[in-house]
Amino acid sequence: MMLSVEKMIKHTEISNRELRTKIRKTEICLGGNKKLKIYGRLDCFSGKQMKKENRVFFASVQEAQQEHYRPCGHCLKDDYKNWKNGFI
């Protein structure tokens, strides 16, 4: 039995149509900034401002954390505080 491996998706490597489909199917739940190593909600104002070449997508918080990304201080305030205080 093979387990599916979650993989970070780069925005430059996915079409807008495929991206919308994956979001609707909840295969993509979070966005991230690959330069700053930050992840957050897809509707985050800060995330919407980043350049497409810096944007990546994740299926889960666990996947983002496995890639050593930290929570966004704007849209995930509680998670960010926990991360900053060393609880994550």
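Fair warning: this is a prediction, and the values are worked out from it, not measured in the lab. (Residues numbered from 1 in each chain as written. Predicted model: local features only at pLDDT ≥ 70, side-chain atom pairs only at ≥ 80, totals over all residues. Heavy atoms only, no water.)

Here we take up the sheet that holds strand S4 (residues 55-58). Overall, mixed pairing links the 5 strands, which are arranged S1-S4-S2-S3-S5 in an open sheet. Strands at the two margins of the open sheet, each flanked by one partner only, are strand S1 (9-10) and strand S5 (70-71). Inspection of the sheet shows strand S3 (residues 38-41) paired to S5 by 2 bridges, in the parallel sense. When the sheet's bridge partners are listed, Ile-38 is paired in S5 with Arg-70. (Pairing = 2+ DSSP bridges. Helix = DSSP H or I, 4+ residues; strand = E, 2+ residues; numbered from the N terminus.)

Moving on to the side chain of His-11. On the secondary structure map, His-11 appears in the loop between S1 and helix H1 (16-24). Under the relative-accessibility criterion, His-11 is labelled buried at 8%. With residues near it in sequence (within four places) discarded, His-11 still touches Asn-16, Leu-19, Lys-52, Arg-55, Val-56 and Phe-57. (Buried < 20%, exposed > 50% of the residue type's maximum accessible area, 1.4 Å probe, protein only. Contact = heavy atoms within 4.5 Å.)

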